[in-house]
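Below are the chains, spelled out letter by letter.
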Amino acid sequence: PYASFAARFGNNARCMASYREPWAGVANYGSTWVGAVSAITQDFSSTDTGLTCALSLDTGAGDLSLVLGGSRQEVAYELTQSAGLAGIRTTSVSDEGFGWRAGLAFEVPDYALRVSLIYNSAIDYDMTGTVSVSAFPGATPVFGSITMPQSVEFKAQSGVAPGWLAFGTVRWTDWSVAENMPLCTVGT
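Residues numbered from 1 in each chain as written. Predicted model: local features only at pLDDT ≥ 70, side-chain atom pairs only at ≥ 80, totals over all residues. Heavy atoms only, no water.

1. Some thoughts on the side chain of Ser56
Here is step 1 of the chain: Residue position: Ser56 is located in strand E4 (residues 41–58).
Here is step 2 of the chain: Using a relative accessible area of 13% as the deciding quantity, one classes Ser56 as buried.
Here is step 3 of the chain: Engagement of the side chain of Ser56 in a polar contact is seen with the side chain of Ser65, the distance being 2.7 Å. (Helix = DSSP H or I, 4+ residues; strand = E, 2+ residues; numbered from the N terminus. Buried < 20%, exposed > 50% of the residue type's maximum accessible area, 1.4 Å probe, protein only. Polar contact = N/O pair within 3.5 Å; in protein donor to acceptor, adjacent residues only side chain to side chain.)

Following this line, the structure appears as structure tokens:
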């Protein structure tokens, strides 16, 4: 999901407040498979609230804009595993972090031409939460860390006929920083 609200301030400035869910993944392997000790279900979710502003300069050929912004992201992860005769082990961790974005955009409104290149920073999380086993009361505090990746996105659009647009997007995301998230008991 994605929602935004934009406002223009004079001829050269505009800002957009946004809400999105940039990273998510759900897996349900079931409790009868051979790897149930490793995972029965996994659920990773995130939310991002941000503000992005652009300052434009009329170059004669079109508008060149400097784009700057920031966002607050929350992430949460839940893992259920088989604990054998002790039932189900549930691990839940979460954290919040802050990131920034910067880029350039070029627009020629008469042709509905818009090209942009935007960089989004990586965000580090120090995840905290608990692990509990259904056969025992209480929960044990756990921690872990993960970095959600930086990305660079190129977007282009152009009018090709009255009422028609051609557009495309290419995004590179540095997934190498998010290969795993070890979770450890607090105090170890």
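2. Digging into the pattern of salt bridges
Here is step 1 of the chain: Going through the model one piece at a time under the given rule, you end up with six salt bridges.
Here is step 2 of the chain: With a closest N to O distance of 3.6 Å, Arg20 and Asp48 form a salt bridge. Of the two residues, Arg20 is situated in strand E2 (residues 13–20) and Asp48 in strand E4; the sequence distance between them amounts to 28 residues.
Here is step 3 of the chain: Judged by relative accessible area, Arg20 falls into the buried class, the value being 19%. (Salt bridge = Lys/Arg side-chain N within 4 Å of Asp/Glu carboxyl O.)

3. Overview of the environment of Gly187
Here is step 1 of the chain: When you line up the elements, Gly187 lands in the segment after strand E12 (183–185).
Here is step 2 of the chain: Between the alpha carbons of Gly187 and Val142 there is a distance of 8.8 Å; along the sequence they are 45 residues apart.

4. Section: empty space enclosed by the protein
Here is step 1 of the chain: Per the counting criterion, the structure on display carries one cavity of 30 Å³ or more.
Here is step 2 of the chain: Its volume calculated, the largest cavity comes out at about 140 Å³.
Here is step 3 of the chain: Surrounding the largest cavity, 16 residues form its lining, Arg20, Trp23, Gln73, Asn120 and Ser121 being those nearest its centre.
Here is step 4 of the chain: Elements with a contribution of two residues or more to the lining of the largest cavity: strand E5 (63–82) and strand E6 (88–108).
Here is step 5 of the chain: Among the elements that make up the lining of the largest cavity, the one with the highest residue count is E6 (three residues).
Here is step 6 of the chain: For the lining of the largest cavity, the residue count by class is six nonpolar, six polar and four charged. (1 Å grid on protein atoms, 1.4 Å probe; cavity = no way out; pocket = protein on both sides within 12 Å on 5 of 7 lines; lining within 4 Å. Points joined across faces, edges and corners; volume = space filled by probe spheres on them. Nonpolar A, V, L, I, M, F, W, Y, C, P; charged D, E, K, R; others polar.)

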